[in-house]
Amino acid sequence: MKTVNPHTIPVTELITELGSDIKQGLNSLDAAKRIEKYGSNSIQSDKGKHPLKIVLSQFNNLLVYLLLFAAAMSFWFQEYLDATAILLVILVNATIGFWMEMQAERSMNALKKMVSVPSKVFRNGKLTEIASEELVPGDLLFVEAGDMITADARIISATQLSINEASLTGEAMPVEKTASELSGDIPLADRTNMLHKGTFVTNGNTTTLVVATGMQTELGKIAHLVQGAEQSATPLEKKLQVFSRKLIYITVALVVLIFIVGMFTHGDYVELLETAIALAVAAIPEGLPIVATLALAQGMMKMARHNVIVKKLSAVETLGGTTVICTDKTGTLTQNKIEVTDLIPADETSEKNKQLLQHIAVLCNTASIQILENDIKEIGDPLETGLLKYAHNKGENVERLRQQFPKIDEVPFSSETKMMATLHGNQNDFIVCAKGAAEEILKQCSHILNGSEIKEMNEETRNQWKDKSEQLASSGLRVIAGAFKETASKDVALTDSLVFAGLYGMMDPPAEDVFDAINECKDAGIKVVMITGDHPATANYIANQLHISENTQPVIGKNMKPFEQLSEQEKNLWADTSVFARVTPAHKLDLVRVLQEKGNIVGMTGDGVNDAPALKKSDIGIAMGVRGTQVAQEVSDMVLKDDKFSSIVHAIKQGRVIFTNVQEFVIYLLSCNMSELFVVSLAALSNLHFQLIPLQILFINLITDVLPALALGVSEGSPYVMKHKPRNPAEPLLKTKQWYAVWIYAAIISVCTLGAVFFSHFVLHTGEHFDPKLCNNILFFTLIVCQLFHVFNMASVKTSFIKSEVFQNKYVWYALLTSGLVVVSVFFIPPAREALNVQSLKAEDWLIVFVSASISLLVIQILKRTNLIHDED
């Protein structure tokens, strides 16, 4: 539904037209009917790759072209069985690739569904939170600073409202909005009484009437602009592309060399061509990019089960390299269960003063609580709901008090002023209520309440209350102050000439799991920096409790210069400091810039709309899922669904595990494929008569390149993954020492494989007639078993072989069992046996195969455990 020109229609008429109620909103039954009528409030998004497109993409790569050429040549030389087998391998490869890519696509779609934006609406006369997809025309929608606008809506009432409409109009500066009526055909950017889906609130709050949802919104009209965008390759994918190119260069060089040598030795062009195809097939680990993407996607799903939604594949790499975590205190390091423990009125002997402080807590408050049978449902900021619960427990009827003193005007809280104020009353009597940081409220107070009298506040009294606030803060309490003033006019400044009413002391204890998480960070070489808007004494107390800072003084916001004005000494001080208090979002942004300038990879937490620049600038922007604004979640790289610091540490750990897993299966695939290269090249250059045929190499790759690599990709990781310093994301996927390991692994596997053939021929079958087929089969099966055993070499040597993360990985055993069954099945399928040129082996031949593979495993294990080979960071 889309009402024509809703910006020109009087609000009362619009409400009637949409069948809504200005106070009650819609009822639940009516809302349900409208959902059926108008559909979900969602933009039809890009549905991703069509399955047919994914199928066709499996045939669009270099390996398939080579195999098709090989199949064509086999048909040309009337090798129909070989040709059919090659085509079958292409089909199997495509099926596996399609399955893996579909799995990755499903994982990414599931992650997208997890990041859902809620909306606050009045239903049945009560403010409640619903999924934004459930919004319908006629809903009364309430939004405040930091909220995304989730539908097109007409403003009913607004308080100091500013909207960022850059997503629709391109205008970067926030636009002021009011409830005033407009007339005529006005451009979208000038409709100051309308809110539009996809924009967000930068300041103030408003109650609005939803006039359009889903594809009927202004954003819906231009939805094609945000659909179909191609996702750029992640850094990891780019690194894998570099690998593939390097392998192709190596292959080309070897093919040329073998052709030259072959022409001078025997000149059999058909055999040379087959060898070239075999080399090409051996060199290219065709499953590498898909296995990597699937491992990343599955790792992200695993993080999601631990309350961490990672929004970008590329962020997973950066997570593993994080060197500094800049974290908020409240709700991240603490439990976010804020309770008022101390109420200190200006006159501690006056019960009226205490009751006034309770009234201020209720009236100067945008949160709400719903009293349920066995619980209290909280909607809004935890500090504000904590104040409401305190007042409720002291016998105050929150709703009745608010009806008795309706809100007329408001100055919303901001990180710059650190206070908020509201105006309440009727036509004749008005009262201003204010609350905020104690030092800021005291600055704005000219008087103090003393019993029933109001006295002028002198500097000595102001300093005494500052000292009292400091004393409370140094014991770990979060301290705010309350103030008021009575006025005969509603046209009055709300934040000056106030009367000081007293202090609220609130306790928010450290989260139970945060101690272990911080120790884990220290072991992992990650510095934890606590950033808070709280009093420095409170910040210092909590930091010392958590061992973030050992009795060092925090840097205070008022002493922090803009980045451009900082000296090198001041930058070094910031970089060495672990606690920052009374900071603003601008300070956060400057701190990120300083830390990055010093070479750090910075993770920054944030929850407010003003935190967005710092979140965007940081290497990993971490938004709060519970108390975070929708804007912060929109610009972040990951969202914490539980707001816990331990979840950040778990995400970093999982990021390291994922990257280590990727490294492991890359090393595994490369060393396996390089061993095939070595074996084929050595056999060709030495003019051996038991060369592997292309189909055999394809079969080996089918066995070892898919299931074992996938199993490595979902490993739980080494228990020592958080015991080493962070990796630099700018480094290549494999360091020089790991490349050496790949070559050495490949060489050992090749030597053991060829050694098995020579031992079989010269020792076991000495004196017998030379049987090229038997030698070929020994070579073929030994290479398979060597590569399957080689998966255990990917484990960390910091644990015992049996207790390693690979040996304990059930998926590795499933992969080995499945691969073994496929190999055994070849002997029972005549066409496969003929195509692969295999015959039954005697027990002693199988003994050679398994002993040679075991020697390969043993030699590599000895070299790794004596530190002669290093394939770990």
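Residues numbered from 1 in each chain as written. Predicted model: local features only at pLDDT ≥ 70, side-chain atom pairs only at ≥ 80, totals over all residues. Heavy atoms only, no water.

### Remarks on the overall build of the protein chain
- From N to C terminus, the protein chain includes 30 helices and 25 strands.
- The buried share of the protein chain, reckoned over its 873 residues, is 54%.
- In the protein chain, the proportion of contacts linking residues at least 24 apart, taken out of those at least 6 apart, comes to 73%.
- When the accessible surface of the protein chain is summed, it comes to about 38200 Å², and 56% of that surface belongs to carbon and sulfur atoms. (Helix = DSSP H or I, 4+ residues; strand = E, 2+ residues; numbered from the N terminus. Buried < 20%, exposed > 50% of the residue type's maximum accessible area, 1.4 Å probe, protein only. Contact = heavy atoms within 4.5 Å. Areas by Shrake-Rupley, 256 points an atom, 1.4 Å probe, with all protein chains shown as cover.)

### So, the nonpolar core
- In this structure, Val 310, Met 638, Phe 645, Phe 665, Leu 692, Phe 781 and Ile 784 are the most contacted members of the largest nonpolar core, which totals 121 residues.
- The leading source of residues in this core is helix α23 (residues 645-685), at 20 residues.
- In this structure, Phe 781 is in contact with Val 823, Phe 827, Val 838, Leu 841, Trp 846 and Val 849, ignoring residues within four places of it in sequence.
- Residues Leu 356, Val 432, Cys 433 and Tyr 504 belong to the second largest nonpolar core, which totals 55 residues. (Core = buried A, V, L, I, M, F, W, Y, C linked by side-chain atoms within 4.5 Å.)

### With respect to the packing of helix α26 (residues 736-764) against helix α27 (residues 772-790)
- Direction vectors running N to C along α26 and α27 enclose 145°, while the axes themselves pass 9 Å from each other. Of the two elements, α26 crosses α27, and the hand of that crossing is right-handed. On α27, the residues that touch Tyr 745, Ile 749, Cys 752, Thr 753, Leu 754, Ala 756, Val 757, Ser 760 and His 761 of α26 are Cys 775, Ile 778, Leu 779, Thr 782, Leu 783, Cys 786 and His 790.
- Among the residues forming the contact of α26 with α27, the class breakdown is eleven nonpolar, five polar and no charged. (Axes fitted to C-alpha atoms, helices over the stretch in contact; angles between N-to-C directions. Left-handed = near helix turned anticlockwise from the far one by under 90°. Nonpolar A, V, L, I, M, F, W, Y, C, P; charged D, E, K, R; others polar.)

### Overview of unusual backbone geometry
- Even without a glycine there, the phi angle at Gln 160 is positive, about 45°.
- Along the polypeptide, Gln 160 turns up in strand β4 (residues 152-164).
- With a phi angle near 60°, Asn 837 is a residue other than glycine that sits in the positive phi range.
- Along the polypeptide, Asn 837 turns up in the loop between α29 (830-835) and α30 (843-865).

### Quick look at the sheet that holds strand β20 (residues 527-531)
- The strand order across the open sheet built from eight strands is β8-β25-β24-β23-β9-β20-β22-β21, with neighbouring strands paired in mixed fashion. The open sheet has two free edges, formed respectively by β8 (308-310) and β21 (555-556), since each of these has just one partner strand.
- The pairing of strand β9 (residues 324-328) with β20 spans five bridges and is classified as parallel. By the bridge assignment, Val 324 is partnered in β20 with Lys 527. (Pairing = 2+ DSSP bridges.)

### Considerations on the confidence of the model for the protein chain
- Looking at the protein chain as a whole, the pLDDT averages 85, with 88% of positions reaching at least 70.
- Note that residues 224-232 has pLDDT below 50 and, in this model, six contacts with residues that lie over four places away or in other chains. (pLDDT = per-residue confidence, 0-100.)

### Remarks on the packing of helix α24 (residues 694-704) against α27
- Where α24 contacts α27, the two axes come as close as 10 Å, and the packing angle between them is 20°. With respect to α27, the axis of α24 lies roughly parallel. α24 and α27 meet at a crossing whose hand is right-handed. Mapping the contact onto sequence places Gln 696, Phe 699, Ile 700, Ile 703 and Thr 704 in α24 and Asn 776, Asn 777, Phe 780, Leu 783, Ile 784, Gln 787 and Leu 788 in α27. (Parallel < 35°, antiparallel > 145°, perpendicular 65-115°, else oblique.)

### Points about the side chain of Thr 332
- Along the chain, the position of Thr 332 falls in the loop between β9 and β10 (339-345).
- Its relative accessible area of 1% is what places Thr 332 among the buried residues.
- With residues up to four places along the chain from it excluded, the contact list for Thr 332 reads Thr 327, Met 624, Arg 627, Asp 643, Lys 644, Phe 645 and Ile 648.

### Brief notes about the environment of Trp 743
- Its location among the elements puts Trp 743 in helix α26.
- In this structure the C-alpha to C-alpha distance between Trp 743 and Ser 671, which are 72 residues apart in sequence, comes to 6.6 Å.
- Those residues in contact with Trp 743 that sit more than four places away from it in its chain are Ile 250, Met 674 and Phe 678.

### Observations regarding the packing of aromatic side chains
- Across all of its chains, the model carries 18 aromatic pairs by this definition.
- Taking 6.0 Å as the distance between ring centres and 85° as the angle between the ring planes, the aromatic pair formed by Tyr 811 and Tyr 814 counts as edge-to-face. Residue Tyr 811 and its partner Tyr 814 are both found in helix α28 (residues 810-826); the two are separated by three residues, about one turn of the helix.
- The class of Tyr 811 is partly exposed, set by a relative accessible area of 42%. (Phe/Tyr/Trp six-rings, centres within 6.5 Å; stacked < 30°, edge-to-face > 60°.)

### Considerations on the state of the cysteines
- Taken as a whole and judged by the stated rule, the model has zero disulfides.
- Summary of cysteine pairing: Cys 433 is not part of a disulfide, and the nearest cysteine sulfur, belonging to Cys 364, is at 6.4 Å.
- Summary of cysteine pairing: Cys 752 is not part of a disulfide, and the nearest cysteine sulfur, belonging to Cys 786, is at 5.6 Å. (Disulfide = S-S within 2.5 Å.)

### Focus: helix α18 (residues 536-545)
- Most of α18 is tucked away, with seven of its ten residues classed as buried.
- Every buried residue of α18 is accounted for by Pro 536, Ala 537, Thr 538, Ala 539, Asn 540, Ile 542 and Ala 543.
- The inward-facing, buried residues of α18 abut α16 (459-474), β18 (478-487), β20, β21 and β22 (579-581).
- One or two residues past the end of α18 sits His 547, with phi positive at roughly 60°.

### A closer look at α23
- Compared with an ideal rise of 1.5 Å per residue, which puts 41 residues at 60 Å, α23 spans 59 Å between its outermost C-alpha atoms and is within 8% of the ideal.
- Most of α23 sits inside the fold, with 35 of its 41 residues counted as buried.
- Phi turns positive one or two residues past the end of α23, at Asn 687, with a value near 55°. (Expected span 1.5 Å × (residues − 1).)

### Comments concerning a nonpolar patch on the surface
- On the surface, Leu 52, Val 55, Leu 56, Phe 59, Leu 88, Leu 91 and Val 92 cluster together into a nonpolar patch covering about 600 Å² of accessible area.
- Where the nonpolar patch is concerned, the elements lending two or more residues are α3 (51-57) and α5 (80-114).
- Classification of Leu 52 by relative accessible area gives exposed; the value is 52%. (Patch = residues over 30% accessible without salt bridge, like charges linked within 9 Å, V, L, I, M, F, W, Y side chains within 5 Å. Salt bridge = Lys/Arg side-chain N within 4 Å of Asp/Glu carboxyl O.)

### Digging into the pattern of salt bridges
- Across all of its chains, the model carries 25 salt bridges by this definition.
- The salt bridge partner of Asp 139 is Arg 123, with a shortest N-O separation of 2.8 Å. On the criterion of sequence distance, the pair formed by Asp 139 in the loop between β2 (126-131) and β3 (140-144) and Arg 123 in strand β1 (residues 118-123) is long-range, its members being 16 residues apart. The pair formed by Asp 139 and Arg 123 is uniform in burial state, with each residue classed as buried.
- Via salt bridges that share partners, Lys 120, Glu 144 and Asp 147 belong to a single interconnected network.

### Thoughts on the pairing of strand β17 (residues 453-456)
- Of the pairings in the sheet, the one linking strand β16 (residues 445-450) to β17 comprises four bridges and is antiparallel in character. Bridging from a neighbouring strand, Ile 448 pairs with Lys 455 of β17.
- Where β16 folds back onto β17 in an antiparallel hairpin, the turn is made up of two residues, including Gly 451, whose phi is positive at roughly 70°.

### Notes on the environment of Val 11
- The residue Val 11 is located in helix α1 (residues 11-17) in this model.
- Val 11 has contacts with Arg 154, Ile 155, Ile 156 and Glu 181, leaving out every residue within four places of it along the chain.

### Some details on the pairing of strand β23 (residues 602-606)
- The buried fraction of β23 amounts to five of the five residues, a majority that puts the element mostly inside the structure.
- What you see with β23 is no split at all: Val 602, Met 604 and Gly 606 on one side and Gly 603 and Thr 605 on the other are buried throughout.
- Relative to β23, β9 runs parallel, the two being bridged by three bridges. Bridge pairing in β23 places Ile 325 opposite Gly 603.
- Bridge analysis of β23 against strand β24 (residues 620-624) gives four bridges, and the strand direction is parallel. Pairing of Gly 603 across the sheet is with Ile 620, part of β24.

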